[in-house]
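# Close look at the chain arrangement
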Amino acid sequence: MSVSVQTLYTLFRTTARRYPERPALWSDGIFTPYGQLEAARARMHEAIRTYSEGKRCSIALISPKSTLAYAAILGILSSGNVYVPIAPGIPATRLEDVLELASVKIILVDISLLSQVKDSLGRKAGDYTIVAIQDAAESTGPECRDSPASLRRPRITTATEIEVDEVLLSSTAYIMFTSGSTGTPKGVPVTHRSVITMLNDLAPILRIESTDRFTHYADLCFDFSIGEIFLCWKAGACLFVPSKLDRIDPLAFVSRHELTVWCSVPSLAMHVQKSRTSNSTLSSLRVSIFCGEALSRDLAEYWQRLSPEAVVYNLYGPTEAAVFSTYFRFLPGESDMPDPIPIGSPLPNVLIRLEAEDCSSEASELLLAGPQVFDGYLIKQKSSVEKRLESSESMYWYQTGDQVRNDNKYGLLFLGRRDRQIKLRGYRVELQDIESSLRQVAGGWAAVVAVKDERHVPIYLTGIVSSSSPGNDELFRYCRDVLPEYMVPKYFLRVDELPLNSNGKTDYNKLTEMVKVSQQLLTGNYKRVNNEQ
């Protein structure tokens, strides 16, 4: 592998040197050329070296999408440190868990979120070096203006005297946190080698060009964002950051900027389908990439009609295998096309293995191995690592928990999960994680089920608690204090006791039916339900 693509930063640097005047980013109505973003990166790199005293560590970034946020990402990577994205507004207890598990020493935080972060950490704020990042031109106080992390409007230049630290391929590039079944988030460390392998293998398949314009809907704390950002920058294309209004009306966003590459979870495409009021098409799109959830056949066919010139890809991959592991190009007009759309074939350096629980079952668990697969979680209970990583023939196989079947024509078909993990708006959610938190306030027991639409896609969560549990306001307040927004149940259903199956375990199928009945009886308001009914 050539030196120019050894790490995520050097991948970007190669592009910046080749296309210094080309736009790398569009955000808040402003284009930032590659050369200008590289100059901003260099100053951020210098600031990080100052605060870290030259020592490598994990650095958290808490910021909305902005030019400074992307400069910070690149600065963290170029200085040999580990990038740890954290969602703004994360509950205090979860923030503490993430910082501890990732061994974070420095927190880069957007100036608008500084007070919020310090309040969330309380007395523990003193355990970290917290650095506010802000454009110096907008600074109003000496603390921000004099801070090395405050960046002046950079001149357009490709020259930098900042030394780029030597970073090994085996070094951790970033840590993403996912929902954990024990109630504590799990950290997934991903190396430069893992993600560079994925990018090098996927780029020739997607055929991204330097003239392309990418949508960038994924949150920075969602690993899909890594794929969006660096697939775009590897090709010298431009990343378009949608505003709040653009998120509401994606069709107008694509049309106004003549975007050519669409990236999103299927849920966003479903929003487009439901809210579309005209027969106009997205004629500028030439590539559409879906990942993070099962893609229904109906939605894929709709999207193909909406963007007739686009090639539609369904990508699959867990965070533990560097974002994308398999791919499938949708073939419109195929009468026997499976539903949901297949996840297809593994990328060239991804090894797959199918393991069935018994010979009579057509469903097998998908296991992954190869240079894209991680080495283990950052968690408090190490037993969970052993459940997910299996050593065989001097190789680690990651047990995805996804049930698949191999089809001779279409490749891998996704059949569902072995456990109670779901994908909600692209985020991976362990329902046991929510139940663990809910039990702390509900008293005794609690259960959570996902309500699905007609395509069997989870759309919201319902918590089931005992009739004697605290009121809904208290339940909502507690959940919002300890869980990310997307994991907070939308409704609560009160029952006398949890239904049990023949094995004496909670009968989640029965609970799901009870939730459906309650929803039909009272739209938006659940009443007490007796299990005998």
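Residues numbered from 1 in each chain as written. Predicted model: local features only at pLDDT ≥ 70, side-chain atom pairs only at ≥ 80, totals over all residues. Heavy atoms only, no water.

## Here we look at the pairing of strand β22 (residues 427-430)
As a general feature of sheets, a regular strand has side chains that alternate between the two faces. Of the two faces of β22, the one lined by Tyr427 and Val429 and the one lined by Arg428 and Glu430 are each fully buried. Pairing analysis gives four bridges linking strand β21 (residues 421-424) to β22, with the strands arranged antiparallel. Within β22, the residue paired with Leu424 across the bridge is Tyr427. Counted along the chain from β21 to the antiparallel partner β22, the turn is two residues long, and its residue Arg425 has a positive phi close to 55°. (Buried < 20%, exposed > 50% of the residue type's maximum accessible area, 1.4 Å probe, protein only. Helix = DSSP H or I, 4+ residues; strand = E, 2+ residues; numbered from the N terminus. Pairing = 2+ DSSP bridges.)

## Focus on the environment of Ile229
With respect to the helices and strands, the residue Ile229 is situated in helix α8 (residues 224-235). Taking the relative accessible area as the measure of exposure, Ile229 reaches 2% and is therefore buried. Sequence-wise, Ile229 and Leu25 are 204 residues apart; in three dimensions their C-alpha atoms are separated by 9.6 Å. Ignoring any residue separated from it by four or fewer positions in sequence, one finds Ile229 in contact with Tyr70, His216, Leu220 and Leu239. (Contact = heavy atoms within 4.5 Å.)

## Focus on the packing of aromatic side chains
According to the stated counting rule, one finds 20 aromatic pairs in the structure shown. Where Tyr217 meets Trp262, the ring centres are 5.5 Å apart and the plane angle is 45°; that geometry is what we call tilted. Of this pair, Tyr217 sits in the loop between β9 (213-215) and α8 while Trp262 sits in strand β11 (residues 261-264), and the two are 45 residues apart along the sequence. What makes Tyr217 buried here is its relative accessible area of 6%. Seen from their ring centres, Phe230 and Trp233 are 5.8 Å apart, and the 85° between their planes marks the pair as edge-to-face. Remark: Trp233 and Phe230 occur in helix α8; sequence separation between them is three residues, near one turn of the helix. Residue Phe230 is classed as buried on the basis of its relative accessible area of 1%. Here a set of aromatic residues connected by ring pairs shows up, and it is made of Trp26, Phe31, Tyr217, Phe240, Phe253, Trp262, Phe290 and Trp303. Geometry around Tyr377 places Lys186 over its ring, the cationic atom sitting 4.5 Å from the centre. (Phe/Tyr/Trp six-rings, centres within 6.5 Å; stacked < 30°, edge-to-face > 60°. Lys NZ or Arg CZ within 6 Å of the ring centre and 35° of its normal.)

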